[in-house]
Amino acid sequence: MVFKEKKKLSIDWKLLKQAAIDSFIKLNPLKLYRSPVMFVVEIVAFLTTILFVLSLKNLNQDNPFFVGQITLWLWFTVLFGNFAESMAEGRGKAQANSLKQTKVETKAKLLKNLESNSYELVPATDLKKEDLVLVETGDIIPGDGEIIEGVALIDESAITGESAAVLKQSGGDKSSVTAGTSVISDSIKIKITSNPGESFLDQMISLVEGATRQKTPNELALNILLAGMTVIFLIATCTIEMFSIYAGQHISITILIALLVTLIPTTIGGLLSAIGIAGIDRLVQHNILAMSGKAVEAAGDVDTLLLDKTGTITFGNRMATEFIPVVGVSELELADTAQLSSLSDETPEGRSIVVLAKDRYELRERNMAQLNAKFIPFTAQTRMSGVDYENTEIRKGAFDAVIDYIREKTQNSSFEPPKDLGLAVEKISMSGGTPLVVSKNNKLLGVIHLKDIVKGGMRERFEELRRMGIRTIMITGDNPLTASAIAKEAGVDDFLANAKPQDKLNLIRNEQAKGKLLAMTGDGTNDAPALAQADVGVAMNSGTQAAKEAGNMIDLDSNPTKLIEVVAIGKQLLITRGALTTFSIANDVAKYFAIIPAMFSRTYPELQALNIMRLTTPESAILSAVIFNALIIIALLPISLKGVKYTPSGAAIILRRNLLIYGFGGIIVPFIGMKIIDFIVNFLHLA
Amino acid sequence: MTLSGIFQIIVYCIVLILLIKPLGLYMARVFNHEFTLLDPILCPLEKLFYKLCGISLKKEHDWIQYAQAMLVFNLIGVIVLYLILRLQNILPFNPDKFLAISPDLAFNIAVSFVSNTNWQSYTGENTISYFTEMLGFTVQNFLSAATGISLAVAFIRAFSREQTSTLGNFWVDVVRSTLWILLPLSFALSIVFIFEGVPQNLNSYVTARTIEGKVHTIPQGPIASRESIKEIGTNGGGFLNANSAHPYENPTPLTNLLQMLAIFLIGAALTNTFGRMVKDERQGWTLFVSMLALFLIGVLVTYFYEAHGNPLLKGLCIGGNMEGKEVRFGIVDSALYSIITTCASCGAVNSMHDSFLPLGGIFSLINIMLGEIIVGGVGSGFYGILLFAIMAVFIAGLMVGRTPEYLGKKIETKEMKMTVLAILILPLCVHCFSALACITTWGIQGPLNKGPHGFSEIIYAFSSASGNNGSAFAGINANTFFYNITTGLAMLIGRFLVIVPTMAVAGSLVRKKIIPSSSGTLPTTDLTFVILLILVILTVGGLVYFPALSLGPIVEHFLMINGKTF
Amino acid sequence: MLNHFKTAILLTLILTILTGLIYPLTVTLIAKTFFPYQASGSLIRKDKTVIGSKLIAQDFKSPKYFHPRPSVSNHDPVKSGGSNLGPTSKVLINRIIMDVQKLQKENPHSSIPIDLVTESGSGLDPHISIKAAEFQIPRIAKARNITQEKIYTLIKKYSEGKLFGLYGESRVNVLLLNLDLDK
């Protein structure tokens with residue numbers, strides 16, 4: 001439940017206090033140089049501080065009151081930038097910390113080897129990869145790992161917020177456990193799978209910590225642009241002094257610095273890392289852990305989503321609804337055979353066949369052991385299951401799989417199924433159902449109609465994705481006809497039928513070769529290669545360790561449809577950066593109109609014509625610009641943390657809207673803002 | 001402003017637009033090595049050239065080789081031209097016995113012509129021999145233009161090709177640019193110019209006894225053949241000092257109209273060539289429309305102020321500002337020409353920009369400062385606007401929530417690094433050199449005019465040199481050691497230091513896959529993108545100059561309104 | 001890299017011959033053959049001596065001739081170029097004021113067309129505007145003692161219109177006018 005409480009943006013005084021303290025710590029130039037824009041502001045703030053001291057001692061011609069105020073606001077500019085970053089970090093950290101806390105306090109029962117039952121108590125943070133630990137009833141699982149012995153009921157609410165306990169056991173798809181969850185009953189032995197500092201939790205914590213955070217590719221590119229603009233304006237400001245000398249006037253360094261700081265993109269420079277951290281943080285709020293900021297950005301770029309049909313688009317269970325025999329076979333015989341083949345089949349489909357046979361023909365379940373039957377389980381390769389007993393061989397499975405099987409068995413490659421069977425199969429497929437062909441001793445008896453039920457609301461979600469420019473591909477082991485019917489019903493753009501694990505990987509590679517970026521979800525070990533290959537691979541927390549390691553995000557709620565939120569958050573992150581960059585650059589127009597006339601008020605009073613805001617005095621004009629420049633960082637902090645509003649629509653529409661709000665808004669807002677500040681400055685007699 | 005004036009501007013634009021498609025198609029065919037009507041004549045010649053020079057058609061260059069070849073080719077150009085200038089006194093075709101050029105001026109001129117700038121520190125009619133005009137200047141007018149076109153085509157290939165490293169063969173591109181494009185156009189234009197009265201001979205200067213009995217020496221020379229390539233190749237260096245204001249270089253309104261069209265012709269058509277080569281003509285038109293909008297703003301403002309006239313002369317005489325303008329062109333065609341030549345990095349002038357009103361001349365300055373990307377110099381303007389398009393796409397891409405991509409190519413850290421570098425160099429160069437001139441005695445001695453107009457002359461000089469334009473607020477005395485060396489360096493930096501990162505961008509882009517577009521992709525062919533591109537050009541490229549402009553033309557305007565003179 | 005040098009030198013040589021020699025000489029040959037008058041500078045001869053070029057302005061000081069626009073170099077054809085004075089130049093404004101005062105004395109009844117008091121870009125502008133020509137009629141009529149109408153028709157005869165009625169300005173060639181006056 002830890003995460004859900006943090007979802008709303010409420011004022012948290014403790015957080016504010018911590019952020020305020022942190023913003024001073026971050027003044028350390030060794031840390032600040034990572035943000036070139038703010039680094040420049042800090043240097044010039046330092047310079048004006050010296051000028052201020054000199055003016056106090058009358059060592060230069062500057063007015064100490066004016067220089068002092070400028071100095072103060074320059075420091076505020078840096079502090080506000082730091083504060084923004086601290087706020088973003090604080091919010092993420094608060095969430096990570098409570099988990100971290102449990103981890104630090106946890107003691108692990110370290111085992112020497114699998115056989116021994118004696119253990120040594122060590123702090124959880126000391127656990128290394130390959131260590132074996134014992135976890136008993138009531139213990140907290142000390143690290144990410146894999147169950148290698150035992151079965152246990154595990155409470156994962158600390159991470160997922162879901163109160164229902166999960167059964168986990170060694171081997172198979174339910175063997176992985178996450179640090180911080182606790183065992184409710186029984187005891188298990190776990191092999192630790194991550195070194196200290198490498199677990200998902202650690203990754204997430206480092207992502208929200210600005211200092212160690214790796215910049216994402218887009219952030220780097222943007223930083224280059226900002227650094228470039230800083231250099232340009234630095235040169236422009238320095239040369240103004242020479243130009244002004246030509247015109248016969250020296251300009252005070254304080255005013256040059258004021259111009260410089262207002263021109264360089266301090267707004268976005270100060271908010272850039274806050275935006276990045278807040279983006280990761282939003283993911284966490286959706287109970288998704290990302291392994292890197294790059295993965296979050298990539299999510300914004302995704303143009304194809306791969307979704308498993310079963311469990312994602314449809315409810316996992318297909319239900320048998322009808323037995324359709326071929327000519328010459330009675331419905332009862334078909335039902336009987338079908339039931340026989342499904343008695344040992346524990347899949348929901350298998351169970352539904354048994355139930356249907358019982359309900360409709362009152363066929364009793366028989367004891368398989370008595371029959372001495374051998375159950376042939378379903379595999380993705382054969383796409384069939386069945387049962388062998390007393391020289392009888394029953395198979396049920398996909399139409400073409402059974403036909404191929406019979407052809408192979410009878411050595412008769414020209415074997416053709418009865419016409420009516422083909423028709424029945426096609427009819428079922430066309431209707432969105434799954435035909436399950438049943439054969440007995442290489443004789444085709446008929447087909448079982450399995451029906452798939454599409455989850456509610458899927459159509460609308462895919463429609464939304466389409467508007468975002470994202471194509472959805474449904475992956476299914478079904479035959480093309482069935483797949484197409486379900487695809488139509490669910491409203492996906494495309495589907496991959498008859499998919500084997502290898503096909504999924506191939507599909508990803510093919511799409512990537514075309515230049516597309518893909519996202520997928522997965523949970524099984526056989527999804528791992530595809531998860532690793534996909535640009536955004538979201539592993540289900542309920543999935544295997546292999547799957548989790550292959551993906552670059554983990555969904556703690558194990559909800560496959562959450563990919564859609566992931567994409568939206570990735571986009572929102574980029575949009576916020578772009579919008580505030582645009583705003584920051586657009587601001588410069590108004591600042592020129594404030595500072596240039598003030599700057600040359602002595603040499604060229606005629607330039608007052610440019611003072612279209614009618615700012616009162618040259619000093620108040622310069623001060624207003626600097627104050628506006630500092631305050632706008634704080635004013636835009638909520639937007640940076642929440643992210644710019646994003647509604648799924650085409651790029652053209654989004655651009656038009658954001659260009660209008662942040663581009664033209666960025667031109668107009670400072671005119672109004674500086675006028676108001678000028679009014680206050682004069683009202684308070686600050687200049 | 002008159003209706004007929006506006007109409008002239010509109011008709012000019014329409015004629016230009018009509019020429020874009022055919023020439024764009026033709027150039028695309030030339031560079032894709034597809035059949036053109038001139039092939040039967042030119043192909044054998046081309047093959048002969050390759051054989052003589054050891055050029056292999058099949059061997060393509062990656063961006064480093066392409067840039068190296070270009071640099072070597074231009075270095076040879078500078079050396080040869082320098083030697084010609086230094087030795088012109090002993091070379092043939094010098095009927096008027098002009099002396100050798102001094103080393104600093106020779107350096108300046110050599111760099112100027114090779115870099116497609118054609119900044120004129122000298123007066124042509126009493127300094128330059130016919131040999132230099134033909135084998136020095138005319139040649140570099142062709143070769144520097146061919147270099148520009150080749151670079152633009154190489155950059156276009158960075159978008160039209162994918163997952164390869166090569167951008168084409170520099171030598172092949174230069175030869176094809178010269179043979180197929182520059183020579184035929186220049187040849188045809190020369191003939192029309194001669195018909196209209198532009199001299200073309202190798203005679204020595206003519207002595208005339210005027211009606212009132214004075215003795216005049218009238219310059220002669222092979223003017224027409226250089227005049228045409230001067231405009232076609234956006235070189236701009238005049239045969240005579242007054243450039244296209246001179247009645248010998250530009251005798252009639254017809255030659256004037258043809259010159260204005262010729263200056264924009266290749267640059268504008270390259271947008272269409274680009275569109276065709278990336279298989280989406282609308283991409284080219286989008287760039288062109290953005291250029292056209294910026295162009296029209298400049299023309300209308302300039303025309304407005306020039307037509308309005310100098311307020312200081314109010315009541316003394318009637319008419320707009322005619323100082324420095326020719327009667328046969330009048331105000332509209334002079335304003336139009338001044339904007340065309342500065343948009344296009346040409347630098348030919350049919351009137352003296354220095355005598356324009358402050359806000360009549362400001363757009364000449366702004367056009368140059370923006371990097372001459374409004375149509376721009378042949379080739380250079382085109383890769384210039386592509387850099388801005390990349391920048392616009394980057395900002396807009398973020399705003400729509402996708403890693404930016406232009407024409408299916410992802411714009412990533414490396415491209416941004418090089419794009420920012422290439423865009424940065426021009427303002428850095430302009431500001432630093434101007435600042436140097438403002439605080440040194442050598443610099444301050446340059447300007448003819450006093451007050452802010454003198455500052456405008458300095459900033460114009462270095463903008464023009466750095467931007468490889470070549471026009472001037474010509475009052476400045478630039479033929480001094482200081483200005484020859486500084487403007488020479490500015491020209492070198494502004495041309496070649498921009499080209500190298502530009503080619504690096506191309507080299508990086510050509511390796512990338514072309515990503516198919518979806519509705520989530522930022523459309524780069526609609527009005528929103530046009531507006532965005534214009535805003536990016538004005539803010540990222542232009543805002544930085546605001547302080548300098550304030551101290552030059554802007555303050556001069558307000559001083560003039562207030563009746564101040566210097 | 002070395003290979004580049006070899007190719008660059010050879011290609012420069014070949015293209016120099018093509019664009020620097022063959023191209024201009026071919027154009028010269030064509031010019032000489034088809035347009036000999038224009039190709040040699042549109043020169044005007046009187047009894048075999050050259051008296052000027054149709055395209056190049058020359059100084060006329062005498063009141064009986066049409067005067068061209070002022071020129072910083074007194075219309076010396078080897079010193080083409082404008083004044084390059086900026087709009088806020090004291091020198092420019094004073095020069096214009098002086099010229100205006102002189103012209104006002106000449107013809108106090110009409111307002112002065114701007115081209116008569118401004119220097120052209122080349123300093124060799126062979127034309128003046130129709131208005132500027134008409135402004136000078138009274139002075140010339142007086143100096144030559146002929147009717148103003150006669151001069152007016154002469155201006156009409158030599159006035160050149162706009163290209164397609166659109167481009168350029170209507171104007172008259174000063175030298176051609178003056179030559180006709182002397183006939």
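One can find the structure itself at the top, above this paragraph.
Quick caveat: nothing in here was measured; it's all calculated off a predicted structure.

Cut-offs used in this document
- Residues numbered from 1 in each chain as written.
- Chains lettered and ligands numbered in written order.
- Predicted model: local features only at pLDDT ≥ 70, side-chain atom pairs only at ≥ 80, totals over all residues.
- Heavy atoms only, no water.
- Helix = DSSP H or I, 4+ residues; strand = E, 2+ residues; numbered from the N terminus.
- Buried < 20%, exposed > 50% of the residue type's maximum accessible area, 1.4 Å probe, protein only.
- Polar contact = N/O pair within 3.5 Å; in protein donor to acceptor, adjacent residues only side chain to side chain.
- Contact = heavy atoms within 4.5 Å.
- Buried area = accessible area lost by both parts, 1.4 Å probe.
- Salt bridge = Lys/Arg side-chain N within 4 Å of Asp/Glu carboxyl O.
- Phe/Tyr/Trp six-rings, centres within 6.5 Å; stacked < 30°, edge-to-face > 60°.
- Lys NZ or Arg CZ within 6 Å of the ring centre and 35° of its normal.
- Patch = residues over 30% accessible without salt bridge, like charges linked within 9 Å, V, L, I, M, F, W, Y side chains within 5 Å.
- Areas by Shrake-Rupley, 256 points an atom, 1.4 Å probe, with all protein chains shown as cover.
- Pairing = 2+ DSSP bridges.
- Core = buried A, V, L, I, M, F, W, Y, C linked by side-chain atoms within 4.5 Å.
- 1 Å grid on protein atoms, 1.4 Å probe; cavity = no way out; pocket = protein on both sides within 12 Å on 5 of 7 lines; lining within 4 Å.
- Points joined across faces, edges and corners; volume = space filled by probe spheres on them.
- Nonpolar A, V, L, I, M, F, W, Y, C, P; charged D, E, K, R; others polar.
- Axes fitted to C-alpha atoms, helices over the stretch in contact; angles between N-to-C directions.

Novice: Help me understand the side chain of A:Gln572, please; the structure alone is not making it clear to me.
Specialist: Residues and elements named next belong to chain A. Topologically, glutamine 572 is positioned in helix H21 (residues 563–599). What makes glutamine 572 buried here is its relative accessible area of 13%. Here the side chain of glutamine 572 touches valine 644 through a polar contact of 3.1 Å, landing on its backbone oxygen. Filtering out sequence-adjacent residues up to four positions away, glutamine 572 remains in contact with Arg282, Lys642, Gly643, Val644 and Tyr646.

Novice: Quick question: what am I supposed to make of the interface of chain B and chain C here?
Specialist: How big an interface is tends to be stated in terms of the accessible area lost upon association of its parts. Counting residues at the interface gives 108 residues for chain B, matched by 98 residues for chain C. At the boundary of chain B with chain C, total buried surface from both sides reaches about 8500 Å², with 69% on carbon and sulfur atoms. Three residues, B:Ile211, B:Glu323 and B:Val327, lead the burial of chain B against chain C; their summed loss comes to 9% of the area buried on that side. Between chain B and chain C we count 3 salt bridges in total. For B:Glu323, the salt bridge is made with C:Arg95, and the minimal N-O distance between the two is 2.7 Å. Linking chain B with chain C are 47 residue pairs in polar contact (both at pLDDT 80 or more), by the criterion used here. If one sorts the elements of the side of chain B that touches chain C by residue count, helix H6 (residues 170–196) of chain B sits on top with 12 residues.

Novice: Is there a simple way to think about the packing of aromatic side chains in this case?
Specialist: For any pair of aromatic rings, the description consists of the separation of the ring centres together with the inter-plane angle of the planes. Residue and element names in this part refer to chain B. Within this structure, the stated rule accounts for 37 aromatic pairs over all chains. Their ring planes at 5° and their centres at 3.9 Å tell us that phenylalanine 113 and phenylalanine 137 sit as a pair that is stacked. Here the residue phenylalanine 113 occupies a position in helix H4 (residues 103–114), and phenylalanine 137 occupies one in helix H5 (residues 130–160), the gap between them amounting to 24 residues. Each member of the pair, phenylalanine 113 as well as phenylalanine 137, carries the same accessibility label: buried. Every member of this aromatic cluster is reached through a ring pair, and the members are Phe155, Phe159, Phe274, Phe382, Tyr406 and Phe529. A cation sits over an aromatic face here: arginine 176 above tryptophan 180, 4.2 Å from the ring centre. Over the ring of phenylalanine 356 we find lysine 325, and its NZ or CZ is 4.0 Å from the ring centre.

Novice: Hey, could you run me through the environment of B:Phe274 in this one?
Specialist: Residue and element names in this part refer to chain B. By secondary structure assignment, the location of phenylalanine 274 is in helix H8 (residues 253–277). When its relative accessible area of 0% is taken as the criterion, phenylalanine 274 is described as buried. In this structure, the C-alpha to C-alpha distance between phenylalanine 274 and isoleucine 156, residues 118 residues apart in sequence, is 6.0 Å. Those residues in contact with phenylalanine 274, other than ones at most four positions away along the chain, are Ile156, Phe159, Gln283, Gly284, Leu287, Phe382, Leu386, Tyr406 and Leu407.

Novice: Any chance you could explain a nonpolar patch on the surface here in plain terms?
Specialist: A cluster of nonpolar residues, A:Leu660, A:Ile661, A:Phe664, A:Ile668, A:Ile672, A:Ile676, A:Phe679, A:Ile680, A:Phe683, A:Leu684, B:Leu527 and B:Ile531, forms a patch on the protein surface that exposes about 1200 Å² of accessible area. Secondary structure elements with two or more residues in the nonpolar patch: helix H23 (651–683) of chain A together with helix H17 (527–542) of chain B. Of the residues forming the nonpolar patch, the biggest block, 9 residues, is contributed by H23(A). For A:Phe679, the position within the fold is in helix H23. A residue is classified by how much of its surface remains accessible, and A:Phe679, at 59% relative accessible area, is exposed.

Novice: Even after reading the chapter, I still don't get the sheet that holds strand E5 (residues 171–173) of chain C, so can you show me in this structure?
Specialist: Each strand in a sheet pairs with another by means of backbone hydrogen bonds, the pair being arranged parallel or else antiparallel. All names here are of chain C. Taking strand neighbours across the sheet as the criterion, the 3 strands line up as E3-E5-E4 in an open arrangement whose pairing is antiparallel. Of all the strands in the sheet, the pair left with one neighbour each is strand E3 (127–129) and strand E4 (159–160). One ladder, built from 2 bridges, connects E4 with E5; its direction is antiparallel. Bridge assignment links glutamate 160 to a residue of E5, and that residue is arginine 171.

Novice: I keep staring at the nonpolar core and nothing clicks. Help me out?
Specialist: As a rule of thumb, nonpolar side chains are buried together in soluble globular proteins. Of all hydrophobic cores here, the largest spans 389 residues; its most connected members are B:Tyr12, B:Phe155, B:Phe295 and B:Tyr406. Per-element tally for this core: the top contributor is H21(A), with 21 residues. Ignoring sequence-local partners within four residues, the contact set of B:Phe295 consists of B:Tyr12, B:Cys13, B:Phe264, B:Leu336, B:Ile339, B:Ile340, B:Cys343 and B:Ile374. One finds A:Leu334, A:Leu340, A:Ile406 and A:Val437 within the second-largest nonpolar core, a separate group that totals 38 residues.

Novice: When you look at the environment of A:Gly543 in this model, what are you seeing that I'm missing?
Specialist: All names here are of chain A. Tracing the sequence through the fold places glycine 543 in the loop between strand E21 (536–540) and helix H20 (545–550). Exposure remark for glycine 543: the relative accessible area of 1% places this residue in the buried category. In this structure, the C-alpha to C-alpha distance between glycine 543 and aspartate 523, residues 20 residues apart in sequence, is 4.1 Å.

Novice: Teacher, can you tell me more about empty space enclosed by the protein here?
Specialist: If a probe as big as a water molecule is rolled over the atoms, it shows which places are left empty. Taken as a whole and assessed by the stated rule, the structure comprises 13 cavities of 30 Å³ or more. Roughly 340 Å³ of internal volume is contained in the largest cavity. In terms of lining residues, the largest cavity is bounded by 27 residues, among which B:Gly371, B:Gly384, B:Ala422, B:Leu426 and B:Val498 are the most central. At the level of elements, helix H12 (380–399), helix H13 (413–439), helix H16 (481–510) and H17 of chain B are the ones that each hand at least two residues to the lining of the largest cavity. At 6 residues, H12(B) tops the list of elements feeding residues into the lining of the largest cavity. By residue class, the composition of the lining of the largest cavity is 15 nonpolar, 10 polar and 2 charged. In this structure, the second largest cavity encloses a volume near 150 Å³. A:Thr582, A:Ile585, A:Ala586, A:Leu659, A:Gly663, A:Phe664, A:Ile667, B:Ile395, B:Leu532, B:Leu535, B:Val536 and B:Thr539 together form the lining of the second largest cavity. Its residues assigned to classes, the lining of the second largest cavity comprises 9 nonpolar, 3 polar and no charged.

Novice: Any chance you could explain the pattern of salt bridges here in plain terms?
Specialist: Tallied over the entire structure, the rule returns 50 salt bridges over all chains. Between A:Asp308 and A:Lys504 there is a salt bridge, with its nearest N and O atoms 3.1 Å apart. In this pair, A:Asp308 is assigned in strand E11 (residues 304–308) and A:Lys504 in helix H18 (residues 501–513), connecting sequence segments 196 residues apart. Between B:Glu405 and B:Lys410 there is a salt bridge, and its shortest N-O distance comes to 3.0 Å. For the pair B:Glu405 and B:Lys410, one class covers both residues: buried. Each of A:Arg471, A:Asp494, A:Glu511, A:Lys514 and A:Lys516 takes part in salt bridges that share partners, so that together they form one network.

Novice: In this structure, what is going on with the interface of chain A and chain B? I would like to understand it.
Specialist: Across the contact, 61 residues belong to chain A and 63 residues belong to chain B. Ranking the residues of chain A by area buried against chain B places A:Phe243, A:Tyr246 and A:Leu655 at the top, with a combined share of 15%. Our count for the chain A to chain B interface comes out at 2 salt bridges. A salt bridge links B:Lys564 to A:Glu606, with the nearest nitrogen and oxygen atoms 2.5 Å apart. Remark: the boundary between chain A and chain B carries 11 residue pairs in polar contact (both at pLDDT 80 or more). When contributions to the side of chain A that touches chain B are tallied by element, the ones reaching two or more residues are helix H7 (217–246), helix H10 (293–301), helix H16 (458–467), H18, H21 and H23 of chain A.

Novice: Could you clarify how one ought to interpret the arrangement of the chains in this entry?
Specialist: The highest contact count of any of the 2 pairs of chains in contact belongs to chains B and C. Chain A shows no contact with chain C. Their nearest C-alpha atoms sit 14 Å apart.

Novice: In this structure, what is going on with the pairing of strand E2 (residues 49–53) of chain C? I would like to understand it.
Specialist: Regular strands have side chains that alternate between both faces of the sheet. Residues and elements named next belong to chain C. The element E2 is largely enclosed, with a buried count of 4 among its 5 residues. Where strand E1 (residues 43–46) and E2 come together, 4 bridges link them in antiparallel fashion. Directly across from leucine 43, in E2, lies its bridge partner serine 53. Where E1 folds back on E2, the antiparallel hairpin that results is connected by 2 residues, among which aspartate 47 adopts a positive phi of roughly 50°.

Novice: Quick question: what am I supposed to make of the sheet that holds E11(A) here?
Specialist: Residue and element names in this part refer to chain A. Here we have 7 strands laid out as an open sheet, ordered E10-E22-E21-E20-E11-E18-E19, and mixed in their pairing. Edge positions in the sheet fall to strand E10 (288–290) and strand E19 (494–496), since each has one partner strand and no second. Across the sheet, the axes of successive neighbouring strands diverge by a mean angle of 20°, strand direction being ignored. As defined by bridge partners, E21 adjoins strand E22 (residues 553–555) across 3 bridges and the pair is classed as parallel.

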